[in-house]
Amino acid sequence: MTAAPGTDWRPALAPAVVRRHDPVRDADLLLLPERVGVLTGSAAAVVGLCDGTRGVDDIVDDLAERFPGAPVATDVPPFLERLRKEGWLR
Amino acid sequence: MTSATPSPARPWALLAELTHACPLHCGYCSNPLELTRRSRELTTEQWTDVMRQAGELGVVHTHLSGGEPLLRRDLERIVTAAEAAGIYTQLVTSGVGLDQARLDALASAGLRSVQLSVQHADPRASDRIGGHRSFAEKERAAQLVRAAGLPLGLNVVLHRENLDAVDDLIELGISWGADRIELANVQFYGWGLLNRAALLPTRAQIAGARDAVERWRDRLATGPELVWVVPDYFDGVAKPCMGGWGAVSLTVTPDGTVLPCPAAAALPDLDPPNIRDHPLHWIWDHSKAFTRYRGTDWMADPCRSCSRRDEDFGGCRCQAYALTGDAGRTDPACRLSPEHGVIRALADEGADATAPVRRRVPGRSEGAAARV
Ligand code: SF4
Ligand code: SF4
């Protein structure tokens, strides 16, 4: 089976991105020069799986197990794609 | 103790002006006319403490700027302190003095990114505008930063002398491997205001440069990010001052003065607090300098009743003061300002090609500035 377009990559944080917890705002952040991304809701869990070893499908499977009933298969691949476009993932 | 005012949102960013000393002498420098002497600068320990306090306050980004921050020999230790406070560091430099050894030391201290200024794409014009032979060093600095794998931003202040070279500047940024090219139209406070007659472009120049940026944006699907900082004199629209007064960012100047923006030192009624006297959280939450124009309560008409007041915050306080004598008025850049005619007239007039550029001379104030 061929992977659907946009799922045949292994998401990882882009080289200059720093991920950290912000105790002041109690939020998980992604940092780049001039930019802050606040990971809200389940975004932190999704990004946590982006370590370059898992493909998009693996990430979806993993999350589907952890969050049964959530629309993981439809929402996660475009979310990852958007983070890639914005320069957070590669 | 009771207090009716809830504490304001925490700041995200700190502009750390480590020194006013600089080998360049740009005619639009954003440092104040009254430059701080090196002997009045904060010590390493004081900057270390500023970083610690800033991190605790919620700051996650710092621009290590100046002047030329590389002239601080303890820059590495300041970077270490920022890193220890969880703050993402960006060096804002002219490139002069950034050799391999220095970059290695900074990178191992935790430096995350570099923003390099360039004055023109043509080496001789760049050196002339900066008042110092520095283009070759900038080019080398860019190579070193790329080789170290750090993100590279290029910053260009645009004015009459380089607005026609925007295409070349973007090409230069691409060939130097920049991730981000910031094309910032000159702002007229401090030195820029002093040299406005020489710096002010024509409407045609602005239009041409804007078109060039649009063309490149269409072509560059994956290339560097292009940032166009609007020329508020020409757009009839006030710029959102720092994302709101005392809302997202703060500036600490070389002598420890803490301000909502680097230009605010020129405002008369702020009673600027100093980090030597007060903790940063008190300054952010309670000092007059930060509360004076925070939010929208201070506004008068037309801003008070305007639907855009939460988007542009009434524009720039420093510009309102510079052009109307009252920092609480609507920024004259806004076409709804009763004083907008002042800006219109200036923009229509354009630059005076014969006006001399008055340049900063280290350690001296405006009165002694050299005429070049
Ligand atoms: S008042 Fe606002 S826009 Fe004006 S110089 Fe200060 S921060 Fe910048
Ligand atoms: S009147 Fe004030 S709030 Fe309205 S657009 Fe102009 S500067 Fe902004």
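Only a predicted model underlies this, so the values are computations on that prediction, with no experimental measurement involved. (Residues numbered from 1 in each chain as written. Chains lettered and ligands numbered in written order. Predicted model: local features only at pLDDT ≥ 70, side-chain atom pairs only at ≥ 80, totals over all residues. Heavy atoms only, no water.)

Scanning chain B from N- to C-terminus turns up 15 helices and eleven strands. A globule of 372 residues ought to have a C-alpha radius of gyration of about 21 Å, and chain B, at 20 Å, matches this closely. By its C-alpha atoms, chain B is 55 × 50 × 45 Å across when sized along the principal axes. When contacts within chain B are restricted to residue pairs at least 6 apart in sequence, those whose partners lie at least 24 apart make up 71%. Accessible surface for chain B amounts to roughly 15700 Å². Of this, 51% is attributable to carbon and sulfur atoms. Charge-centre separation for chain B: the mean point of 41 positive side chains lies 3 Å from the mean point of 46 negative side chains. (Helix = DSSP H or I, 4+ residues; strand = E, 2+ residues; numbered from the N terminus. Rg over C-alpha atoms; globule rule 2.2 N^0.38 Å. Contact = heavy atoms within 4.5 Å. Areas by Shrake-Rupley, 256 points an atom, 1.4 Å probe, with all protein chains shown as cover. Lys, Arg positive; Asp, Glu negative; His and termini not counted. Charge placed at Lys NZ, Arg CZ, Asp CG, Glu CD.)

Right, let's talk about the environment of Leu70 of chain B for a bit. Structurally, the position occupied by Leu70 of chain B is in the loop between β2 (61-65) and α2 (75-84). Each C-alpha atom, one on Leu70 of chain B and one on His340 of chain B, is 40 Å from the other, the two residues being 270 residues apart in sequence.

Let us now look at the site of ligand 1. Inspection of the region around ligand 1 gives Tyr189, Lys239, Cys241, Met242, Trp245, Cys261, Ala263, Cys316, Arg317 and Cys318 of chain B as its neighbouring residues. Residue classes in the shell around ligand 1 are distributed as eight nonpolar, no polar and two charged. (Near = heavy atom within 4 Å. Nonpolar A, V, L, I, M, F, W, Y, C, P; charged D, E, K, R; others polar.)

Below, the discussion takes up the sheet that holds strand β3 (residues 35-39) of chain A. All names here are of chain A. Strands sit in the order β1-β2-β3 across an open sheet of three strands; the sheet is antiparallel. Sheet topology places β1 (18-22) and β3 at the edges, where each strand pairs with a single neighbour. Taken pair by pair, the neighbouring strands of this sheet meet at an average axis angle of 30°, ignoring direction. Pairing of strand β2 (residues 27-32) with β3 involves five bridges; the strand directions are antiparallel. Opposite Asp28, over in β3, you have Leu39 as the bridge partner. (Pairing = 2+ DSSP bridges. Axes fitted to C-alpha atoms, helices over the stretch in contact; angles between N-to-C directions.)

Attention now goes to the site of ligand 2. Every residue near ligand 2 is listed here: Ala238, Pro302, Cys303, Cys306, Arg308, Arg309, Asp312, Gly314, Thr330, Cys334 and Leu336 of chain B. Here the residues of the shell around ligand 2 sort into six nonpolar, two polar and three charged.

Counting residues at the interface gives 14 residues for chain A and 20 residues for chain B. Taken over both partners, the interface formed by chain A and chain B buries close to 1300 Å², and the fraction arising from carbon and sulfur atoms is 62%. The largest share of the area that chain A buries against chain B comes from Arg25, Pro33 and Glu34 of chain A, three residues that together contribute 44% of it. The tally of links from chain A across to chain B stands at zero salt bridges. Between the two partners, chain A and chain B, sit eight residue pairs in polar contact (both at pLDDT 80 or more). Broken down by secondary-structure element, the contributors of at least two residues to the side of chain A that touches chain B are β1, β2 and β3 of chain A. Residue classes in the side of chain A that touches chain B are distributed as nine nonpolar, no polar and five charged. (Buried area = accessible area lost by both parts, 1.4 Å probe. Salt bridge = Lys/Arg side-chain N within 4 Å of Asp/Glu carboxyl O. Polar contact = N/O pair within 3.5 Å; in protein donor to acceptor, adjacent residues only side chain to side chain.)

Turning next to the side chain of Arg317 of chain B. Residue and element names in this part refer to chain B. The topology assignment puts Arg317 in helix α14 (residues 317-324). Buried and without a salt bridge, Arg317 has Asp331 as its closest oppositely charged side chain, separated by 5.7 Å. Residues within four places of Arg317 in sequence aside, it is in contact with Trp245, Leu267, Tyr293, Trp298, Ala327, Gly328, Arg329 and Asp331. (Buried < 20%, exposed > 50% of the residue type's maximum accessible area, 1.4 Å probe, protein only.)

A few words on the state of the cysteines. All names here are of chain B. Tallied over the entire structure, the rule returns zero disulfides over all chains. Considering cysteine sulfurs only, Cys26 is the nearest to Cys22, which forms no disulfide, with 6.7 Å between them. Classification of Cys22 as buried rests on a relative accessible area of 16%. Of the cysteine sulfurs around Cys29, a residue in no disulfide, the closest is that of Cys26, at 6.9 Å. (Disulfide = S-S within 2.5 Å.)

As a further point, take the sheet that holds β2 of chain B. Residue and element names in this part refer to chain B. Read across the sheet, nine strands follow the order β7-β6-β5-β4-β3-β2-β1-β8-β9 without closing on themselves; strand pairing throughout is mixed. Strand pairing shows two members of the sheet lacking a second neighbour, β7 (225-229) and β9 (258-259), which therefore form its edges. Sheet topology places strand β3 (residues 88-93) next to strand β4 (residues 113-117); four bridges connect them, and they run parallel. Following the sheet pairing, Gln90 is matched in β4 by Ser113. On top of the sheet, helix α9 (residues 203-219) reaches β6 (180-185) and β7; it is set at about 160° to β7, its chief contact.

Keep in mind these values describe shape, not function.
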